[in-house]
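# Understanding the architecture of this molecule
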Amino acid sequence: MAERMEMPRHAFSAFFERIGDDGRLLPTHIGLVAALFYHHDCGNPENHFHASRRKLMRFSRIRSIATYHKCLSELVAYGYVEYRPSWHPAKGSRFRFIIRTEGGVNGQD
């Protein structure tokens, strides 16, 4: 019989499993996480990245600025993302995913 090849786990596998198991998160939270994931640097998930509110709202299908800020503040409070607002119109706010691994958060103890 042919041996089954083990697929390498993506850095975000445990992150998305954690999100899926969190009963506090609503579809708007999941949509916002998907939008953030779309705009992050795939090469290095632990680095900061920039994204604008307008692009994140459009991708996540969130229509209300109040809902966007509520979901984002809850994702920060629940420990899923770091967020530093920016009022620069072209740069966008700064984000970073908080990925828990065996060694702690983002590989740190």
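Figured I'd write up the structure that's included with this text. Keep in mind that what you see is a predicted model, and the values were worked out from it rather than measured.

## Notes on the nonpolar core
In this structure, F15, L32, L36, L56, Y68, F95 and F97 are the most contacted members of the largest nonpolar core, which totals 22 residues. Broken down by secondary-structure element, the contributors of at least two residues to this core are helix 1 (13–21), helix 2 (27–39), strand 1 (49–51), helix 3 (53–60), helix 4 (65–77) and strand 3 (93–97). With residues up to four places along the chain from it excluded, the contact list for L56 reads L32, A35, L36, H39, A51, Y68 and F95.

## As for a positive patch on the surface
A contiguous patch of positive charge, built from R53, R54, K55 and R58, is present on the exposed surface. With respect to the helices, strands and loops of the structure, K55 is situated in helix 3. On the accessibility criterion, K55 (43% relative accessible area) is partly exposed.

## Focus: the packing of aromatic side chains
In this structure the tally under the stated criterion is 8 aromatic pairs. A ring pair is formed by Y38 and F59, whose centres lie 4.6 Å apart and whose planes are at 15°; its orientation type is stacked. Of this pair, Y38 sits in helix 2 while F59 sits in helix 3; the two residues are 21 residues apart in sequence, bridging distant segments of the chain. Grouping aromatic residues by their ring pairs yields a cluster made of F15, F16, F37, F49, Y80, Y83, F95 and F97. One cation-aromatic arrangement involves R24 over Y78; the distance from NZ or CZ to the ring centre is 3.8 Å.

Conventions adopted
Residues numbered from 1 in each chain as written. Predicted model: local features only at pLDDT ≥ 70, side-chain atom pairs only at ≥ 80, totals over all residues. Heavy atoms only, no water. Core = buried A, V, L, I, M, F, W, Y, C linked by side-chain atoms within 4.5 Å. Buried < 20%, exposed > 50% of the residue type's maximum accessible area, 1.4 Å probe, protein only. Helix = DSSP H or I, 4+ residues; strand = E, 2+ residues; numbered from the N terminus. Contact = heavy atoms within 4.5 Å. Patch = residues over 30% accessible without salt bridge, like charges linked within 9 Å, V, L, I, M, F, W, Y side chains within 5 Å. Areas by Shrake-Rupley, 256 points an atom, 1.4 Å probe, with all protein chains shown as cover. Salt bridge = Lys/Arg side-chain N within 4 Å of Asp/Glu carboxyl O. Lys, Arg positive; Asp, Glu negative; His and termini not counted. Charge placed at Lys NZ, Arg CZ, Asp CG, Glu CD. Phe/Tyr/Trp six-rings, centres within 6.5 Å; stacked < 30°, edge-to-face > 60°. Lys NZ or Arg CZ within 6 Å of the ring centre and 35° of its normal.

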